[in-house]
Amino acid sequence: MAILRLVVRRLLSSTPLLFLVSALTFVLVSLVPGDPARTIVGQHATVDQYNAVRAQLGLDEPLPVQYWDWLARVFHGDLGSSLFSSEPVTAVLNSRLPVSLSLIVAGTVVSGILGVSLGLLTARRGGFLVKIVDGLSLVGLAVPAFWFALVLIAIWSVKLRWFPVTGYVPFSDDPAQWGRSLVLPVVSLSLGAVAIIAKQTRDSVLDTLGRDFIRVMQANGFSQRSILYRHVLRNAALPVVTVLGVVLISLLATAVFVETVFAMPGLGLLTQQATIQHDIPVIQGAVLYITVLVVLVNLLVDLAYRQLDPRVRTS
C-alpha cells in the first residue's frame, strides 16, 4: 500500500508538469517560422483555398482556443491527426515508440553496466588505470554523439561491413538483425553516459570505503569481497541510481541526433520531421509522450531509492 500511495502521489504531482510542458510547446511551435496551410496548398493556391485549409485545420482560431481544443481532445484520449498524412497521431507515435524505447533502454543498460564496472575497477585498482578512465571520460563528454556515430558508420559499416549503415529491424521480424541494427546506435549513444556513470561510481565507492563502519568491518576481519559487494555497493548505489536516472533522461534528447544519423524511425526523427513541416498535432503528441517517459523515469528512481535506503521507506 505504501508503494501504491507513493506512485499515486508522484503521478498526481506530475500532472501540472504535463500541462506546463504542453502549453509551452504549443506557444513555441506557434513562433517557429512556417505555415502548414501554405505548405499543403502550395505557393500557387488562391487566397480562398488557403483560408479554407486554415479553417479546416483550425489554424484561424486564436492560439488559446487552439490549445483548449487540443486539450479537450486529449482528455478523451484523442491526440488529433497529422496535418499532412491525416493519420491519427496516437497511431503514428505508437508505431515509432518501440524504436526509441529499444535504443534508449539498451543505451541505459550498456551505459550502466560499463560505467559501474569501470568505476568499481578504478576505485579498487587506482593508479594508472584511473588516468586512462579519466582520459576516456573526457573524450566521451567532449565528443558529440552524432560525430561519433559518423565515425562508427565509416569504420564498422562502410569499411568492415559488420553492421548495417542505417535502418531498424523490428524484434518480431528478426531478433538477430534487430540486435545488429542497434549495436552502432547504442554505442554512439552510450559514449558520454559511460563516462559520467563511471566517475560517479568511483567517487561514491571511494567515499563509502572511507567511512567508519567500513573500517570497523575491515578491522574485524571481514573479507574484502564481502565488504565491497554486500555493503559498499549498496551504500554507494544511491548517487549512482540518481545519475542513471539523469542519464536515461538525457538519452531521450541525444537519441534525436542518433536516430537522424542512422535513419531510425523513432520519436526523435519523427519530432524533427514534424517540426520542419510545422505539424503541430504530431509535435504536441511527441512532446507529451516524452514528458510522460520523463515522469516514469523519475518514478522509477524514487522506487529504487525506497528499496535501497530504509530511511526513505519511513519518510
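Residues numbered from 1 in each chain as written. Predicted model: local features only at pLDDT ≥ 70, side-chain atom pairs only at ≥ 80, totals over all residues. Heavy atoms only, no water.

## Describing the nonpolar core
Let me state the cut-off plainly: Here, the term nonpolar core denotes a set of buried Ala, Val, Leu, Ile, Met, Phe, Trp, Tyr and Cys residues that are joined through side-chain atoms within 4.5 Å. Relative accessibility decides the category of a residue: with a 1.4 Å probe and only protein chains considered, values under 20% of the type maximum give buried, values over 50% give exposed, and everything between is partly exposed. The helix count covers DSSP runs of H or I at least four residues long, the strand count covers runs of E at least two residues long, and both are numbered beginning at the N terminus. In what follows, a contact means two residues having at least one pair of non-hydrogen atoms within 4.5 Å.
By size, the foremost hydrophobic cluster in this structure holds 50 residues, and its most contacted members are L79, L93, L103, F262 and M264. Element by element, the count of residues in this core is highest for helix α12 (residues 280-308), at nine residues. Apart from residues lying up to four places away in sequence, L93 is in contact with L79, L267, L270, G285, A286 and Y289. One finds A123, L228, V232 and A236 within the second-largest nonpolar core, a separate group that totals nine residues.

## Re helix α7 (residues 145-159)
Quick reminder of the rule: Helix span is expected to be 1.5 Å times the residue number reduced by one. Axes are fitted to the seven residues ending at a residue and to the seven starting at it; the angle between these axes is taken as the bend at that residue.
Between its first and last C-alpha, α7 extends 20 Å over 15 residues, near the 21 Å set by a 1.5 Å rise per residue. For α7, the principal kink sits at I153 and spans about 30°. Those residues of α7 lying buried are A145, F148, A149, L152, I153 and S157. R161, located one to two residues past α7, shows a positive phi value of around 60°.

## Topic: the confidence of the model for the protein chain
For the record, the criterion: The predictor attaches a confidence to each residue, called pLDDT, with possible values from 0 through 100.
Per-residue confidence for the protein chain gives a mean pLDDT of 80; residues scoring 70 or more make up 96%. The secondary-structure element of the protein chain with the lowest mean pLDDT is helix α13 (residues 310-313), recorded at 55, while helix α5 (residues 89-125) shows the highest, at 86.

## Examining the pattern of salt bridges
The condition is simple: For this analysis, a salt bridge means a side-chain nitrogen from Lys or Arg found within 4 Å of a carboxyl oxygen belonging to Asp or Glu.
Counted by the stated rule, this structure contains two salt bridges. K199 serves as the salt-bridge partner of D203, at 3.8 Å between the closest nitrogen and oxygen. Residue D203 and its partner K199 are located together in helix α8 (residues 175-209), separated by four residues, close to a single helical turn. Exposure remark for D203: the relative accessible area of 35% places this residue in the partly exposed category.

## What about unusual backbone geometry?
Phi is mostly negative for residues that are not glycine, and the peptide bonds are mostly trans. A positive phi is found at S86, a non-glycine position, where the angle reads about 65°. Along the chain, S86 turns up in the loop between α4 (63-75) and α5. Take S86: its relative accessible area is 54%, and that puts it in the exposed class. Located in the positive-phi region is A263, a residue other than glycine, with phi close to 50°.

## Some points on the environment of D207
With respect to the helices and strands, the residue D207 is situated in helix α8. Once the C-alpha coordinates of D207 and V41 are considered, the two residues, 166 residues apart in sequence, prove to be 64 Å apart.

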